[in-house]
Amino acid sequence: MRLGGAPWLTLILATVLVGIHGAARAAGPVGLDTLLRWGAKAGPLVVDTGQVWRLVTAHFLHRDFPHLALNVLVLLAAGSGLERLCRRRDYAALLVAAGLATMAGSLGNSGGVSVGASGLVYACVGALLVLGRRHRAKLPARWMSSEAAVPTVLVFLWMGWTSVGVDNAGHLGGLLAGLLAGVFLEPRWHPDTGWLRPVGMVVAAVVVTGGVVAERSVWRTERDDGFGLSVALPRDWRGDVDGQGRRAFSNGLPGRGRATFSAEAIEAGEPGDGSVQARQFQQEVLLQGAPSPEGRTLKVTGPVAARVGGRSAQRLHAELEGPGGPTHLMALFVPRGEWVYRLVFTWPAAYPAYRAVVDRMVTEVRFDEPSVLREARAKALLVPGAPGPLRALGGVLRRLGLPKEAVAPLSESVRLAPAHVETRVELARALLEASRVEEGCHAAAEARVYGPWDTGALEAGVRCELSRGNVSRALERLVEARRVDPQDARLRAAELALRTVLEAAPHP
């Protein structure tokens, strides 16, 4: 029987762990942002931005001194014994394989932040557990036997499961790697088999870790039937609670590593290109130098024309000073009939690879049929020949920016209920928005016949004149409508806007 000399590898590893923690503390308080900066394992940064090296560097970081002290103490005990018992290259391979297995288990279970050499400790104890059982008759020290290792493992597992913020999946990954390695490890007094065993352990760990990373890198599609919107997201992004009618998602990291996406449908009232909503967002949320929920605005670019999901859009880009440091913001305003979809993305400037993630999310945005339109279609099919469901279907189609499709059900509804002024007004608007100006003007005139004092019918006449390019005549029609309902704020604003246009126009 032959044992190795001083456990230099274990001593060097323990020294490195203490030195790195001391250097991190010397730079300031060891908070979450510090751990991320120094290389903590964080699922979104590993799979979203490709920083796979964090699965290695995370082992050298610790939250606080008690965390470090416990790991170093057990590592010196179990690691030293294992290093003296096995060949040093086998021991080094075990540490590498166990480190990868630990973080593979952690990543496979959660994308949260994790640090510490606990997985290496569990691997050393697990290897001693099996190796001690296989060669208990020849081991020189009682504490290396399985009877001593079992209570140690159970105590550590119990401490993990009863504590908050402990990466139990990582611990189990390290323990399983150590137990499995203990089946193949041999003491120094056995014949030397060369590099086959250590290389095999490392290769197996790399393959398993690569599989976990690939599995966690799969994207999912998030759909919202109410919005009629679908977008691809990284698998680990989670929905956030938002009480303002928005769908919001984030990568789950706070501070320095946080990236977010939110979607909101804004009722504009009139078809547009999204520029009004973009300017309003810039003035209310991205006012330069003013604080906002995402941070203090430093610079704004845009709005500029863009394409999203096959639709024209307006895009704003801003540079912010966020809670976790410099942050990029991109806001997209996508019109859809009388609605404008506001899509807002933020990502940390410290991780520029997130721009590719955002670009992919934008590329894969799709506009589906919202539930309100499906329900309107179903009602029109269930009650054929009824003017009400046809009118509702036509109105939904027009408001969603499909005026050409809206003409048919609205025309049928007018035929079935010719005296219904609201349907005639909807038909006139659909025809005008479909660029069938003369037909739209004719429908507006008929609506006026059936409802001479109906503000909707009068407003349809205004839209007719605007479609013909006759602003003066449109203003006259608008004044008529204002006489019928002088308290209508929308009509008052429209009159003011038309007067402004006329005053700005050149006079002969």
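In this report, the structure presented in the accompanying data block is examined. All values derive from a computational prediction rather than experimental measurement.

## Comments concerning the overall build of the chain
For the chain, the helix and strand inventory stands at 20 helices and 12 strands. Among the 508 residues that make up the chain, the fraction classed as buried is 49%. Of the roughly 23800 Å² of accessible surface on the chain, a fraction of 60% belongs to carbon and sulfur atoms.

## Details of empty space enclosed by the protein
For the structure on display, the rule yields 2 cavities of 30 Å³ or more. Space inside the largest cavity adds up to approximately 70 Å³. For the lining of the largest cavity, the secondary structure elements donating two or more residues are β3 (219-224), β4 (229-234), β6 (247-250) and β7 (260-267). Along the lines of polarity and charge, the residues of the lining of the largest cavity split into 6 nonpolar, 1 polar and 4 charged.

## Thoughts on the packing of aromatic side chains
Pairs of aromatic rings are described using the distance from one ring centre to the other and the angle between the two planes. Applying the stated rule across the entire model yields 6 aromatic pairs. Aromatic side chains Phe-249 and Phe-261 sit 6.3 Å apart centroid to centroid with 15° between the ring planes, which places their arrangement in the stacked category. In this pair, Phe-249 is assigned in strand β6 and Phe-261 in strand β7, connecting sequence segments 12 residues apart. Residue class for Phe-249 comes out buried when judged on its relative accessible area of 4%. Members of the aromatic cluster, joined through ring pairs, are Phe-227, Tyr-341 and Phe-367.

## A word on the pattern of salt bridges
Counting across every chain of the model gives 26 salt bridges. Residue Asp-90 is joined to Arg-197 by a salt bridge in which the shortest nitrogen-to-oxygen separation is 3.1 Å. Of the two residues, Asp-90 sits in helix α6 (residues 88-109) while Arg-197 sits in helix α10 (residues 196-216), which places them 107 residues apart along the sequence. Overall, the relative accessible area of 1% leaves Asp-90 in the buried class.

## Quick look at the nonpolar core
Formed by 38 residues in total, the largest nonpolar core has its most connected members in Trp-237, Phe-261, Val-308, Leu-343, Phe-345, Tyr-354 and Met-361. Within the residue set of this core, elements represented by two or more residues are α2 (32-38), β4, β7, β10 (325-336), β11 (339-348) and α12 (354-363). Those residues in contact with Trp-237 that sit more than four places away from it in its chain are Asp-48, Arg-220, Phe-249, Ser-250, Asn-251, Ala-259, Thr-260, Phe-261, Tyr-354 and Met-361. Residues Leu-17, Ala-78, Tyr-91 and Ala-98 belong to the second largest nonpolar core, which totals 32 residues.

## Digging into helix α1 (residues 8-26)
For α1, built from 19 residues, the straight-helix expectation of 27 Å at 1.5 Å per residue is met to within 8% by its first-to-last C-alpha distance of 27 Å. Considered for burial, the residues of α1 that qualify are Thr-10, Leu-13, Ala-14, Leu-17, His-21 and Ala-24. One side of α1 carries all its buried residues, which in axial view fall inside an arc of 100°. Residues Trp-8, Ile-12, Thr-15 and Ala-26 are exposed on α1 and point more than 90 degrees away from its buried face. Taken together, the buried residues of α1 touch α2, α5 (65-85), α6 and α7 (118-134).

## Looking at the pairing of β7
Pairing between β6 and β7: 4 bridges, direction antiparallel. Residue Phe-249 lies in a different strand from β7, and its bridge partner there is Phe-261.

## Side note on the packing of α6 against α7
With their axes 9 Å apart at the nearest point, α6 and α7 run at an angle of 125° to one another. What the angle tells us is that α6 and α7 run oblique. In this structure, α6 crosses over α7, and the sense of that crossing is right-handed. For the pair α6 and α7, contact is made by Tyr-91, Leu-94, Leu-95, Ala-98, Gly-99 and Thr-102 and by Gly-119, Leu-120, Ala-123, Cys-124 and Ala-127, respectively.

About the cut-offs
- Residues numbered from 1 in each chain as written.
- Predicted model: local features only at pLDDT ≥ 70, side-chain atom pairs only at ≥ 80, totals over all residues.
- Heavy atoms only, no water.
- Helix = DSSP H or I, 4+ residues; strand = E, 2+ residues; numbered from the N terminus.
- Buried < 20%, exposed > 50% of the residue type's maximum accessible area, 1.4 Å probe, protein only.
- Areas by Shrake-Rupley, 256 points an atom, 1.4 Å probe, with all protein chains shown as cover.
- 1 Å grid on protein atoms, 1.4 Å probe; cavity = no way out; pocket = protein on both sides within 12 Å on 5 of 7 lines; lining within 4 Å.
- Points joined across faces, edges and corners; volume = space filled by probe spheres on them.
- Nonpolar A, V, L, I, M, F, W, Y, C, P; charged D, E, K, R; others polar.
- Phe/Tyr/Trp six-rings, centres within 6.5 Å; stacked < 30°, edge-to-face > 60°.
- Salt bridge = Lys/Arg side-chain N within 4 Å of Asp/Glu carboxyl O.
- Core = buried A, V, L, I, M, F, W, Y, C linked by side-chain atoms within 4.5 Å.
- Contact = heavy atoms within 4.5 Å.
- Expected span 1.5 Å × (residues − 1).
- Arc of directions from axis to C-beta.
- Pairing = 2+ DSSP bridges.
- Axes fitted to C-alpha atoms, helices over the stretch in contact; angles between N-to-C directions.
- Parallel < 35°, antiparallel > 145°, perpendicular 65-115°, else oblique.
- Left-handed = near helix turned anticlockwise from the far one by under 90°.

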